[in-house]
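# Breakdown of the fold
Letter by letter, the chains look like this.
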Amino acid sequence: MSHATYNRKWQECMTEINEQIQIENLPAEGGDLDLGFHHQALLYIKYLQIYHKLEDCHDQMVHPQKQRDIKQVLEAVIIRILQLKAKLIEFNPRIMNRFVALDEVLTDLKLNPEVVEWRVPRWFLDDENIRDDIEVQQKKIEHYMALSDKPQVKAMIKAPDDLTDKRDPFKVELKLSEAIAIIQKNERGRMGINKADMIADWKRGAQRKEEKAKRKEEKGDDGHDDHAQQVFSATRIAAHWKRRCDRKRFLRMRDEEFQFLGMSPPPPPAIDQVSFATETRASRKKAQLDASQAYKDAMYEEKSWLAKNEGPDMKAELLEHYRQGILKRYEETLEFPENLDDFRTPDQPAEEAPPEAAAKDAKGKDGKKDEKEAPGAEKRVGTFDDQAESKVVTLQKHVNQYTNRWEGRDETTNFDQKHDRGMLSETMRPLVQHDVWREVDSLMREELANLKSIYQVAAKKKKKGKTGGKKKKGEKKKKGGGGKVKPCCAIDKLYKDDASKQGILPELVIEGFCKKVKPERLENIYGEFQYLGAIERVQHTYCPPPSMQMIKSLIVEHAILPLADADIRMDAPKMADGKSLVARSLLMYGPKGSGKSMLARAIATEAGATFFDLSPAVLEQNWDKYPGKNGPTTLLHKVFTCAMECSPAVVYLDEVDRIFVAGKKGKKKGGGGGGDGPDKIKKDLIAHLKILKTGIDSTPKHRVLVIGTMSAPPPLTLPGTLDMKELDNFFDEKIWVNSPDYGSRLLLWKKFMEQAGVDVDDTKLNLSALAHVSDGYSSGAIRQTVNRVLTARRIQQLKNRPLTVQEFLGPLSRTHYTWPEHWHAFREFDHVITGEAKRIEQYVQDQGGAEAPAKDAKKPAKK
């Protein structure tokens with residue numbers, strides 16, 4: 001698409017944002033408004049549609065100044081979406097459940113499910129600086145891997161780890177004698193088949209000879225009539241050819257009819273639109289890089305020109321202003337001011353305050369929010385809280401900025417989308433002023449100190465002579481500032497300087513704790529939308545497992561966005577229960593092969609995160625390097641220190657049930673287990689998670705996400721050994737990754753076959769039957785089955801021997817299957833670990849014993 005197309009799309013987005021602001025600013029006396037789930041869902045979907053359009057504009061816009069303005073709007077829209085998601089959780093018909101079903105709202109709006117599908121912002125990986133940092137980090141890890149003496153670590157250089165079980169489910173362990181017996185049996189069978197075929201060929205040849213001799217005796221000496229035989233042969237050939245032509249014509253008509261009815265895919269276009277779009281995007285990206293580099297050069301030149309030509313005048317004017325103010329103060333009070341804050345210009349910022357003071361000022365005195373309303377302010381709708389109002393005000397500023405700067409701007413002659421010099425000067429002049437202010441502040445503080453030392457030294461001497469300079473007996477000079485010094489974090493004690501912190505990475509890579517994992521994208525994780533989710537999630541006591549769309553939405557909103565962007569992490573809202581929407585830790589549980597490790601790799605890939613593996617399998621290989629009681633503590637210090645230095649980072653814990661083992665009687669609560677088991681790191685793991693901050697207290701170094709996975713819940717692990725309380729407290733978000741439902745299985749069979757290079761025709765291969773028989777099998781089992789059947793040799797034979805359902809049944813039966821008792825165990829575990837059991841019990845008590853797992857009547861889900 002052209003530049004004008006994206007300009008129009010940007011204009012449409014800003015118009016829609018302005019409309020949404022007007023809707024959200026409706027006064028309270030506007031009538032009986034629906035303020036519950038449905039209202040929040042409508043806002044959420046609309047902002048998500050705006051986000052998709054803006055993200056396309058930001059990705060394809062070549063103009064550097066427009067791209068920067070769009071990014072600011074995008075970040076504000078993302079924060080508003082997260083605020084609405086927190087409200088959706090609060091008003092969720094399933095009380096405070098993190099998974100929100102929007103199928104009924106989409107049906108009312110007549111929208112497709114693709115509308116609520118999240119697409120991770122592409123600038124997380126495509127931004128020039130971020131891309132270079134990720135590439136440098138990967139090169140470092142590969143270099144350190146080459147220095148390792150472990151074969152499995154070196155192998156990850158060319159074949160990154162996919163975190164899956166490397167055992168082949170189709171491999172059968174046999175003894176040598178058993179293998180020889182099977183070979184002998186098959187060889188005897190092969191020889192018997194060959195002998196039978198040879199005898200059958202000999203019999204058929206003898207029979208043909210007898211028939212030929214018999215016909216020769218009946219017809220005479222010549223044995224055949226040439227003319228009659230030629231007529232018979234020509235007639236037969238003509239009949240066969242006519243039948244073949246009619247059959248081809250009929251098949252062509254049938255295919256056209258099926259394509260018209262939508263029962264078969266259309267023929268491939270002459271131009272591959274996907275490849276063409278990819279090439280177009282690559283060319284626009286190259287133009288973006290060129291325009292961005294030209295803009296950076298122009299910024300440097302403009303700033304230098306302003307500092308050279310306007311900087312001296314700014315400096316002289318500000319110095320004169322300060323000096324006149326100080327002299328006037330001295331003439332009035334015969335004292336010099338303590339600081340320069342009273343003489344600053346209205347546009348000049350005050351001296352920078354420490355982060356704690358800034359946070360306190362932002363919240364008000366004693367950490368409380370200012371409850372005073374602005375004069376003339378209208379009452380807003382009930383869900384319009386302070387956080388939402390501040391972000392809506394920010395969006396209004398962006399709309400006004402777009403109106404003043406870009407709307408109605410004529411760019412018909414700007415074919416190359418070059419930057420605007422006048423706008424560049426307006427952008428750089430405040431930066432030059434800020435530099436001048438800092439320089440003048442430094443000079444004036446020094447000049448003020450000199451004035452004080454010159455004019456007040458005599459007065460100090462007289463005052464000292466009168467009072468005497470002797471110290472009272474017992475009076476001692478205080479060192480350092482009073483009070484107790486807070487103990488430093490253990491990480492800072494072990495690794496005080498940045499050089500020692502940076503030196504941890506090579507050691508962790510060589511030992512296998514820092515890995516290079518196989519890249520994965522969320523768009524490659526398939527699953528069907530849950531079309532009856534809203535009804536199913538309120539009708540039963542046990543909450544049904546979430547769909548893959550719900551899982552991906554939660555992962556993007558609670559994990560990827562705060563992990564990849566520090567500003568989003570700071571501005572992310574809190575939910576109604578007081579917890580932050582940002583997840584510091586994430587627990588995924590489900591049957592083997594359901595996609596838990598694939599989701600972990602997708603999180604690391606989409607956020608550009610460094611991957612650390614603290615799974616029991618990796619720990620057991622390195623216990624000899626961390627012996628003694630302090631060994632686990634040292635290891636956890638190293639991993640989290642390096643993760644915070646390399647942020648964003650992901651700390652992966654596979655088989656987390658082996659780590660969170662319940663302590664024995666008599667041991668301190670929360671302590672690690674004994675022996676050399678992986679549960680030794682539990683205590684230090686809990687302590688290090690508390691270091692990670694969210695909200696306004698967070699910094700870019702806190703962008704670390706801990707991901708734990710489980711393939712077997714209690715009582716299928718070891719009964720009574722899992723510490724449920726510590727597991728619940730440690731992980732902020734819990735996700736049940738279940739086996740796919742019928743619609744998802746149907747989609748998975750088709751997608752995996754297409755990835756293997758086979759175009760599936762539903763009229764020839766019954767995919768519905770495959771989806772039915774694969775009930776209870778995970779997505780990994782379906783992938784293994786497809787890879788087992790569709791070998792290179794089998795794909796070559798497809799023209800002569802089409803695929804059948806029976807070919808997949810044997811390999812499928814050899815893969816992992818989730819038995820009904822296992823599924824019920826997962827459901828019970830999910831009911832407890834997510835807090836559903838406690839919330840329902842509390843609800844029943846509040847309602848006087850009436851069972852109702854859904855939301856009470858005070859907060860209904862209205863349509």
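### Structural notes on the overall build of the chain
When helices and strands are tallied, the chain shows 33 helices and 6 strands. When the 863 residues of the chain are sorted by exposure, 41% land in the buried category. Within the chain, residue pairs in contact and separated by at least 24 positions form 81% of the contacts whose partners lie at least 6 positions apart. When the accessible surface of the chain is summed, it comes to about 50400 Å², and 53% of that surface belongs to carbon and sulfur atoms.

### Re the pairing of strand β6 (residues 733–736)
Of the two faces of β6, the one holding E733 and I735 and the one holding K734 and W736 are both buried throughout. As paired strands, strand β2 (residues 585–589) and β6 are joined by 4 bridges and run parallel to one another. Considered in β6, the bridge of L586 is made with E733.

### Description of the sheet that holds strand β5 (residues 704–710)
Within the open sheet, the 6 strands sit side by side as β1-β3-β4-β5-β2-β6. Their pairing is mixed. The sheet is open, and its two borders are formed by β1 (514–515) and β6, each paired with just one other strand.

### Observations concerning the nonpolar core
Grouped together as the largest cluster of nonpolar side chains are 90 residues, with contacts concentrated most on W10, I17, Y44, L54, V77, I603 and I735. Setting aside its immediate chain neighbours within four residues, I17 contacts I50, L54, V73, V77, L395 and V399. Counting 49 residues, the second-largest nonpolar core is a separate cluster that includes L505, L587, W736 and I833.

### Overview of the packing of aromatic side chains
This model, assessed by the stated rule, comprises 15 aromatic pairs. Ring centres 5.3 Å apart and planes at 75 degrees place the aromatic pair W123 and F124 in the edge-to-face group. Each of the two residues, W123 as well as F124, counts as buried. With a centroid separation of 6.4 Å and 70 degrees between ring planes, the pair formed by F513 and Y626 is classed as edge-to-face. Here Y626 lies in the loop between α23 (616–621) and α24 (631–645) and F513 lies in the loop between α18 (504–511) and β1, a separation of 113 residues in the sequence.

### A word on unusual backbone geometry
Following S647, the chain continues into P648 via a peptide bond in cis, with omega recorded as 0 degrees. Its location among the elements puts P648 in the loop between α24 and β4 (649–653). Of note, the phi angle at M96 is positive, near 55 degrees, even though the residue is not glycine. Among the structural elements, M96 can be located in the loop between α3 (64–90) and α4 (103–109). For M96, a relative accessible area of 13% gives the class buried. Here L163, not a glycine, exhibits a phi torsion of approximately 65 degrees, which is positive. By the secondary structure assignment, L163 is in the loop between α7 (151–155) and α8 (176–219). Taking relative accessible area as the criterion, L163 reaches 12% and is therefore assigned buried.

### Observations regarding the pattern of salt bridges
Tallying each qualifying case throughout the model produces 46 salt bridges. The partner of R281 in a salt bridge is D59, and the shortest N-O contact between them spans 2.8 Å. Taken together, the positions of R281 in helix α10 (residues 273–309) and D59 in helix α2 (residues 37–60) put the pair 222 residues apart, joining distant regions of the chain. On the basis of relative accessibility, which here comes to 2%, the residue D59 falls in the buried class. R839 serves as the salt-bridge partner of E836, at 3.1 Å between the closest nitrogen and oxygen. Placement of the pair is E836 and R839 together in helix α33 (residues 836–846), with a separation of 3 residues, close to one helical turn.

### Focus on helix α14 (residues 421–455)
With 35 residues, α14 should reach 51 Å at 1.5 Å per residue; the first-to-last C-alpha distance of 49 Å fits that figure. Turning to α14, its buried residues number three or more, namely M423, L424, S425, M428, V432, V436, W437, V440, D441, M444 and L448. The N-capping residue of α14, defined by a side-chain oxygen 3.2 Å from the backbone nitrogen of G422, is D420.

### Structural notes on the state of the cysteines
Enumeration over the complete set of coordinates arrives at 0 disulfides. No disulfide involves C642; its sulfur sits 3.9 Å from that of C646, the nearest cysteine.

### Points about a nonpolar patch on the surface
There is a patch of nonpolar side chains on the surface, built from V172, L174 and I182 and spanning about 260 Å² of accessible area. Within the secondary structure, V172 is located in the loop between α7 and α8.

### Description of helix α11 (residues 311–333)
The end-to-end C-alpha distance of α11 is 33 Å, a good match for the 33 Å that 23 residues give at a rise of 1.5 Å each. When α11 is considered as a whole, its buried residues turn out to be G311, M314, L318, L319, Y322, G325 and I326. The inward-facing, buried residues of α11 contact α10 and α14. L334 sits one or two positions beyond α11 and adopts a positive phi of about 55 degrees.

### What to know about the packing of helix α6 (residues 128–146) against α10
Helices that pack against each other are described as a pair by the angle of their axes relative to one another and the distance between those axes. Packing of α6 against α10 brings their axes to within 12 Å, and their N-to-C directions diverge by 105 degrees. Judged on the interaxial angle alone, α10 and α6 are roughly perpendicular. In this structure, α6 uses E128, N129 and R131 to contact α10, whose residues at the interface are L289, S292, Q293 and K296. Class assignment for the residues of the contact of α6 with α10 results in 1 nonpolar, 3 polar and 3 charged.

### Overview of the packing of α3 against helix α20 (residues 548–564)
Their axes nearest at 11 Å, the elements α3 and α20 cross at an angle of 145 degrees. Seen along the crossing, α3 lies across α20 with a hand that is left-handed. Across from I78, L82, K85 and I89 in α3, the residues of α20 making contact are E557, H558 and L561. Residue composition of the contact of α3 with α20, by class: 4 nonpolar, 1 polar and 2 charged.

### What about the pairing of β4?
Counting buried residues in β4 gives 5 out of 5 residues, a clear majority hidden from the surface. Summarising the sheet, strand β3 (residues 610–613) and β4 pair through 4 bridges and their orientation is parallel. Looking across to β4, one finds that F612 is bridged to V651. Pairing geometry for β4 and β5, over 5 bridges, is parallel. When the sheet's bridge partners are listed, V651 is paired in β5 with V706.

Cut-off values and rules
Here, residues in each chain are numbered from 1, in the same order as that chain's written sequence. Local features are withheld for residues below a pLDDT of 70 in this predicted model, meaning they are given only at 70 or higher, and side-chain atom pairs are given and counted only at 80 or more; totals for whole chains, interfaces and linings count all residues. Just so you know, side-chain values use all the structure's heavy atoms and leave hydrogens and water out. Comment: elements are numbered from the N terminus, with helices defined as DSSP H or I runs of at least four residues and strands as E runs of at least two. Throughout, exposure labels follow a simple rule: accessible area from a 1.4 Å probe, protein chains only, divided by the maximum for the residue type, with under 20% read as buried, over 50% as exposed, and the rest as partly exposed. Only heavy atoms enter the contact rule, under which two residues are in contact if any of them lie within 4.5 Å. Residue burial considers only the protein chains on display, and all accessible areas are found by Shrake-Rupley using a 1.4 Å probe. For two strands to be treated as a pair, DSSP must find at least two bridges joining them. What we call a nonpolar core is a set of buried Ala, Val, Leu, Ile, Met, Phe, Trp, Tyr and Cys residues that are connected through their side-chain atoms within 4.5 Å. Between rings of Phe, Tyr and Trp, where Trp is taken as its six-membered ring, a pair exists when centres lie within 6.5 Å; planes separated by under 30 degrees are stacked, by over 60 edge-to-face, and by other angles tilted. A carboxyl oxygen of Asp or Glu within 4 Å of a side-chain nitrogen of Lys or Arg is what we treat as a salt bridge. The length a helix should cover is 1.5 Å for every residue beyond the first. For this analysis, a polar contact is any N or O atom pair within 3.5 Å, provided that within protein one partner can donate a hydrogen and the other can accept it, and provided that sequence-adjacent residues contribute only side-chain to side-chain pairs. Disulfides are defined as pairs of cysteine sulfur atoms found within 2.5 Å of each other. Only residues above 30% relative accessible area that lack a salt bridge enter a patch, with like-charged residues linked at up to 9 Å and the nonpolar side chains Val, Leu, Ile, Met, Phe, Trp and Tyr linked at up to 5 Å. Lines fitted to C-alpha atoms define the axes, with helix axes restricted to the stretch in contact, and inter-axis angles between N-to-C directions lie between 0 and 180 degrees. Here is the rule for angles: anything less than 35 degrees is roughly parallel, anything more than 145 is roughly antiparallel, 65 through 115 is roughly perpendicular, and the remaining ranges are oblique. Basically, the charged four are Asp, Glu, Lys and Arg, the nonpolar ten are Ala, Val, Leu, Ile, Met, Phe, Trp, Tyr, Cys and Pro, and anything else, Gly included, counts as polar. Note on convention: the crossing is left-handed when the near helix lies turned anticlockwise from the far helix by less than a right angle, right-handed when the turn is clockwise.

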